[in-house]
Amino acid sequence: MNYYIDFDNTLYETAKLTSLMIAAIGNKIGELTKRDAEPIIQDAKDNFNSTLDNIFTHAEKMGKKYNVDSDVVVDAVKSVVDNGKQIVFEDAIRFLERLKEKGHKIFILTYIPKTNQEYQLKKLMGSGIMQYFDGIIVTAEYKFLLDIDYTNGIFIDDDPRDLNGLFEKNPIKVIRIRKPNNKRSKIDIDNKEIEEYESFDDIEVE
């Protein structure tokens, strides 16, 4: 069986990563300026839009704002991303191990904005889970508009838009991971044929 699994907020706790990176910016600037890091962390948080901003560019701007070496601040952020094993959901790792034991093919199916590809690729590599996958599919288009044999796959995602679109491609199954702290989890889906789980531990693997 072919499993296609989303990365952000499905396998990987992206909101936690954002908090850690913002903290890294503030802590590094605080260290370099010998100032209290907490107000700087708050400043970095208040002025970062995760939808529009590139975190590396944001770190650079923050470094310049506080008159410190921006490259050092950016490196602090990259270090967090490069050591992202702690950001992967533990139940996701257990699920991937079960899939491998059963001999299934597993693919990451992830969206990468055209302007933020370096960041997404670093997240993937830093997650420490690439050994579980038979391939990585990256797209700047909707996940349900690709050259994939959808009818021979099981798709796991957190995004209602993608889930509904994937369902229309007649796959074997569509599964929603609905983590409690994910903002998309607040959105209900009318389609009751899309299975929903808070934990990968509750998904049966045949």
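Computed from a prediction, not measured in an experiment: that's the story for all the values here.

*Asks:* Before we go on, may I ask you to explain the environment of glutamate 101 in this structure?
*Replies:* Its location among the elements puts glutamate 101 in helix H5 (residues 90–101). Residue glutamate 101 is classed as exposed on the basis of its relative accessible area of 69%. Expressed as a C-alpha distance, the spacing of glutamate 101 and asparagine 67, which sit 34 residues apart in the sequence, is 52 Å.

*Asks:* I'm lost on helix H4 (residues 70–82) in this one. Help?
*Replies:* Two residues of an α-helix separated by three or four positions point the same way, owing to the 3.6 residues in each turn. In this model, H4 (13 residues) spans 18 Å end to end at C-alpha, consistent with the 18 Å of a helix rising 1.5 Å per residue. Three or more residues of H4 are buried, namely Ser70, Val73, Val74, Ala76, Val77, Val80 and Val81. End-on view of H4: buried residues confined to an arc of 150°, all on one side of the axis. Looking at the buried side of H4, the elements it contacts are helix H1 (14–33), helix H3 (55–65) and helix H6 (117–126). Backbone nitrogen of aspartate 71 and a side-chain oxygen of the N-cap are separated by 3.0 Å at the start of H4; the cap is aspartate 69.

*Asks:* Can you walk me through the sheet that holds strand E4 (residues 153–157) in this structure?
*Replies:* One open sheet accounts for 6 strands, arranged E3-E2-E1-E4-E5-E6; its pairing is parallel. The sheet terminates laterally at strand E3 (135–139) and strand E6 (195–197), the two strands that pair on one side only. With strand direction ignored, the average angle separating the axes of adjacent strands in the sheet is 20°. Note that E4 and strand E5 (residues 173–177) share 4 bridges and pair parallel. Residue pairing for E5: phenylalanine 155 is matched across the bridge by valine 174. This element, H5, spans strand E1 (2–5), strand E2 (105–111) and E4 of the sheet and lies at about 160° to E1. Running over the sheet, helix H7 (residues 160–167) touches E4 and E5 and is turned about 170° from E5.

About the cut-offs
- Residues numbered from 1 in each chain as written.
- Predicted model: local features only at pLDDT ≥ 70, side-chain atom pairs only at ≥ 80, totals over all residues.
- Heavy atoms only, no water.
- Helix = DSSP H or I, 4+ residues; strand = E, 2+ residues; numbered from the N terminus.
- Buried < 20%, exposed > 50% of the residue type's maximum accessible area, 1.4 Å probe, protein only.
- Expected span 1.5 Å × (residues − 1).
- Arc of directions from axis to C-beta.
- Contact = heavy atoms within 4.5 Å.
- Polar contact = N/O pair within 3.5 Å; in protein donor to acceptor, adjacent residues only side chain to side chain.
- Pairing = 2+ DSSP bridges.
- Axes fitted to C-alpha atoms, helices over the stretch in contact; angles between N-to-C directions.

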